[in-house]
Amino acid sequence: MLITHDTRCALDTVVDLVNTAPEDNATPDGLPDVAALEDFVQNHEISDVGALSEFDLSAVRKIRGRFASVFAAPDARTAAGVINDLVAAAGTTPRLTDHDGYDWHVHYFAPGASVADHLAADCGMALAFFVVAGEQERLRRCEAPDCRRAFVDLSRNRSRRYCDSRTCGNRLHVAAYRARRKEAAG
Ligand SMILES: [Zn+2]
Ligand SMILES: [Zn+2]
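Quick caveat: nothing in here was measured; it's all calculated off a predicted structure.

The rules behind each value
Residues numbered from 1 in each chain as written. Chains lettered and ligands numbered in written order. Predicted model: local features only at pLDDT ≥ 70, side-chain atom pairs only at ≥ 80, totals over all residues. Heavy atoms only, no water. Donors = N, O, S within 2.8 Å, 3.2 Å for Na, K, Ca; no water. Tetrahedral: all angles 85-135°; square planar, octahedral: opposite > 155°, others 65-115°. Buried < 20%, exposed > 50% of the residue type's maximum accessible area, 1.4 Å probe, protein only. 1 Å grid on protein atoms, 1.4 Å probe; cavity = no way out; pocket = protein on both sides within 12 Å on 5 of 7 lines; lining within 4 Å. Points joined across faces, edges and corners; volume = space filled by probe spheres on them. Helix = DSSP H or I, 4+ residues; strand = E, 2+ residues; numbered from the N terminus. Nonpolar A, V, L, I, M, F, W, Y, C, P; charged D, E, K, R; others polar. Phe/Tyr/Trp six-rings, centres within 6.5 Å; stacked < 30°, edge-to-face > 60°. Lys NZ or Arg CZ within 6 Å of the ring centre and 35° of its normal. Pairing = 2+ DSSP bridges.

**Student:** So what about the coordination of the zinc ion (ligand 2)? Which residues, and what values?
**Tutor:** Within the protein, the zinc ion (ligand 2) binds to Cys142 (SG), Cys147 (SG), Cys163 (SG) and Cys168 (SG); these donor distances fall in the range 2.2 to 2.3 Å. Classification of the site at the zinc ion (ligand 2) rests on its 4 donor atoms, whose angles at the metal span 106 to 116 degrees, yielding the label tetrahedral. Residue Cys163 is classed as buried on the basis of its relative accessible area, which comes to 4%.

Okay, structure coming up:
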């Protein structure tokens, strides 16, 4: 599966966006205010979005919830339905570009699009390619019991089960190792 530079960036962005959502009532929102959204836009080099407002914040939180359901989708048809809605609502203007020395690739967001529409168009299309490639199951949620963060499994045999943001795989290995030792000692 060919993953271009921009698709990769869009994937990183959408995973980070989904993971700003609070996991439960006890965790704070990763996008609590407009300033946090400004940081997010800057860190992910989302261009041409202009000044941000409370309206942008609530719009981004709304699509964040939609993107989260793509990562939780049980099958490609469910994911496709959500992605179609997101991309259609954003409106797209596909155009070829080779900005900043990158190879030719396609930008989807319309000129002057709001940050939410920009994200819905470009991240939505990045996820769409996974469905087209028959790789929707690579869009996953971490299987560690107290985590459930979103990630994209880019491993060759689609074998990744845990996110790396909190070293979930490691924690589970340690827990299993301790359990085995306890069993051996008991
Ligand atoms: Zn680009
Ligand atoms: Zn995890």
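**Student:** So what's going on with the layout of surface pockets? Residues and values would help.
**Tutor:** For the largest pocket, the calculated volume is near 670 Å³. Taken together, 30 residues line the largest pocket, and the ones lying closest to its centre are Asp6, Cys9, Ala10, His107 and Asp122. Only helix 1 (5-18), strand 2 (105-109) and helix 5 (115-132) provide two or more residues apiece to the lining of the largest pocket. Its residues placed into classes, the lining of the largest pocket shows 14 nonpolar, 11 polar and 5 charged.

**Student:** Tell me about the packing of aromatic side chains, and please be specific about residues and values.
**Tutor:** Summed over the entire model, instances satisfying the criterion amount to 1 aromatic pair. A ring pair is formed by Tyr108 and Phe129, whose centres lie 6.5 Å apart and whose planes are at 55 degrees; its orientation type is tilted. With a gap of 21 residues between them, Tyr108 in strand 2 and Phe129 in helix 5 connect regions that are remote in the sequence. Over the face of the ring belonging to Phe109 we find Arg95, whose NZ or CZ atom lies 4.9 Å from the ring centre.

**Student:** Outline the environment of Phe55, listing residues and values.
**Tutor:** When you line up the elements, Phe55 lands in helix 3 (residues 54-71). Sequence separation between Phe55 and Gly81 is 26 residues, and the spatial gap between their C-alpha atoms is 25 Å.

**Student:** Please set out the pairing of strand 2 residue by residue, giving values where relevant.
**Tutor:** Where a strand is regular, its side chains alternate between the two sheet faces. Among the 5 residues that make up strand 2, 4 are buried, leaving the element largely enclosed by the rest of the structure. Sheet topology note: the strand 1 (residues 92-97)/strand 2 ladder contains 4 bridges and is antiparallel. Looking at strand 2, one finds that Leu96 is bridged to Val106.

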